[in-house]
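Take a look at the letters that make up each chain.
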Amino acid sequence: MRKRVRVVAVLTAVAALGIGGPLRIHAQNGPAPDWPRLNDETLRHFQALLRLDTQNPPGNEHLVTDFVKSVLEKEGIPVQIFASDPKRPNLVARLKGNGKKQPLLYMGHSDVVTVDPKKWTFPPFSATRDGGYIYGRGSLDDRPHVVAGLMTLLTLKRLNVPLDRDVIFLVESGEEGTTGVGIGFMTSQHADAIAAEYCLAETGSVARVGGKVTYASVQATEKLPRRVELFASGPSGHASRPLQGNAVVHLAAAVAAVGKWRVPMRLNATTTEFFRRMADISPETEAVRYRALLDPASPAAAAADAYFAEHEPGYSSMMRTSISPTMIEGGYRLNVIPSEARASLDVRMLPDENPDQFLAAMTRVINDPAVVARYVNDAGVGRPSGRPARLDSEAFAAIQSAASRNYDTVTIPMMGTGATDMAQVRGKGTECYGIGPAADVEDGPKGYGAHSDQERILESELYRFVRFSYDIVNDLARARAN
Ligand SMILES: [Zn+2]
């Protein structure tokens, strides 16, 4: 241990003085962290975080910010707290760089979704270690990013790594459906505190199949959620005398029409690269389908899309603005034909979709003057649209190289079908990339995924993710000789 410390000190001195010679090669990656020791500390902090009950609602994210604040301040890292609700604060910590480059932001959210404790084998806030896993609400979503951001700052600070840019760590509240107190508050009221060139946050992942890493996915853009209401109206009357204008019948036909509508497929830079690289790493039978999608107007693309709609609906959703009817209401008693009925559609738009044109196209598909389609403003649903992150940036290159170093695998950019806090940050012009720890692809369908009743992470993959995060941040922010 002592020897390692001395080597680190020498490397730091060499890097600071810009001395050449054989040591310089080592110094290219900066001083080497003591990973076995950091893993122990990671586990301690991770379990402490998992034991904090920040179910949203109500949130109580101050439990997490208090904890993170005390750990950071103990090591001399200054912390700022921003809160619109004192129980739901956001934390910002910053390591100062020399200002040569614009800051880098690393984000993790402090709330978790609610639990039904009866359904959990291990209590949801126990942070139980069992069979190589750590169980608990938030073990995947999103304590790994909170602990990785924390460990990255601590490590950069302890090793005294000189920085070309500020490294900002944001722990934001309210990600699970109440972004007004979290990222919405930060981007609207305190944008300066988190202004950055690049941002790293949740939603990427490293896929493992049969225990073997297959690729690292990086979220470079995401679909935009919008709520559409279908409103049907007609004459009311006695149900013993059926009416042609029955609003329920008209609504049902409209819901069926939009549900079956194959919205035309369209690619963007991210999805093009996604399907191209998936084709590169897949067996030929699968590669053929991915390649078919690269020409969305072709009959082969339609066939591949039909296959994915059944077997891999996420890929089908990535090809278009998608529609899922999710709620229907109408009528209040059996023998009354109601004059109104309505349905809610969860619409996920491609980032470059034109909302007015899309609604007009939907109206043509419904083709019924008794049914009106309209957008409903819904605070919990709306997110701003931002430019997709570039794939030729320094940040994407750093992620690719860290993925190759830590996982020995390729990086594949993807478009998230769900919404994240990166939407607001992208809205401010920051290039955002979603990264995440490795998980077994088989684990989700078995009921161990994020938001499940047995949420868990592989302990070894938690450590690898901390290191992956550190490598990316270190690569992007560490001061270069010239
Ligand atoms: Zn999350």
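I will try to describe carefully the structure that is included in this document. (Residues numbered from 1 in each chain as written. Predicted model: local features only at pLDDT ≥ 70, side-chain atom pairs only at ≥ 80, totals over all residues. Heavy atoms only, no water.)

1. Some details on the coordination of the zinc ion
Inference 1: For the zinc ion, the full set of protein donor atoms is His109 (NE2), Asp141 (OD), Glu202 (OE) and Glu202 (OE), and the range of their distances to it is 1.9 to 2.6 Å.
Inference 2: Considering all 4 donor atoms around the zinc ion, angles at the metal cover 54 to 152 degrees and the coordination shape is irregular.
Inference 3: Each donor residue of the zinc ion belongs to the same chain, with the gaps between them written as H-x31-D-x60-E. One end of the pair, histidine 109, is in strand β4 (residues 104–109); the other, glutamate 202, is in the loop between β9 (198–201) and β10 (205–209), with 93 residues separating them in the sequence.
Inference 4: The exposure class assigned to histidine 109 is buried, which follows from its relative accessible area of 1%.
Inference 5: Look at glutamate 202 and you get buried, because its relative accessible area is 11%. (Donors = N, O, S within 2.8 Å, 3.2 Å for Na, K, Ca; no water. Tetrahedral: all angles 85-135°; square planar, octahedral: opposite > 155°, others 65-115°. Helix = DSSP H or I, 4+ residues; strand = E, 2+ residues; numbered from the N terminus. Buried < 20%, exposed > 50% of the residue type's maximum accessible area, 1.4 Å probe, protein only.)

2. Comments concerning the pattern of salt bridges
Inference 1: A complete count under the given rule lists 33 salt bridges for this structure.
Inference 2: The shortest N-O distance in the salt bridge between glutamate 73 and lysine 69 comes to 3.4 Å. With glutamate 73 and lysine 69 both in helix α4 (residues 62–74) and 4 residues apart, the pair spans about one turn of that helix.
Inference 3: In this structure lysine 69 comes out as partly exposed when scored by relative accessible area, which is 27%.
Inference 4: For aspartate 166, the salt bridge is made with lysine 96, and the minimal N-O distance between the two is 3.5 Å. Residue aspartate 166 is located in the loop between α5 (143–158) and β8 (167–172), and its partner lysine 96 is located in the loop between β3 (90–95) and β4; the two are separated by 70 residues in the primary sequence.
Inference 5: Aspartate 166 gets classed as buried once you look at its relative accessible area, which sits at 8%.
Inference 6: In this structure lysine 96 comes out as exposed when scored by relative accessible area, which is 62%.
Inference 7: Overlapping salt bridges bring together Lys101, Arg165, Glu197 and Glu394 as one network. (Salt bridge = Lys/Arg side-chain N within 4 Å of Asp/Glu carboxyl O.)

3. Here we look at the pairing of strand β18 (residues 411–416)
Inference 1: Counting buried positions over the 6 residues of β18 gives 6, a clear majority of the element.
Inference 2: Burial of β18 is two-sided: the residues Thr411, Pro413 and Met415 facing one way and the residues Ile412, Met414 and Gly416 facing the other way are all buried.
Inference 3: Note that strand β11 (residues 212–222) and β18 share 6 bridges and pair parallel. Of the residues in β18, the one forming a bridge with threonine 221 is methionine 415. (Pairing = 2+ DSSP bridges.)

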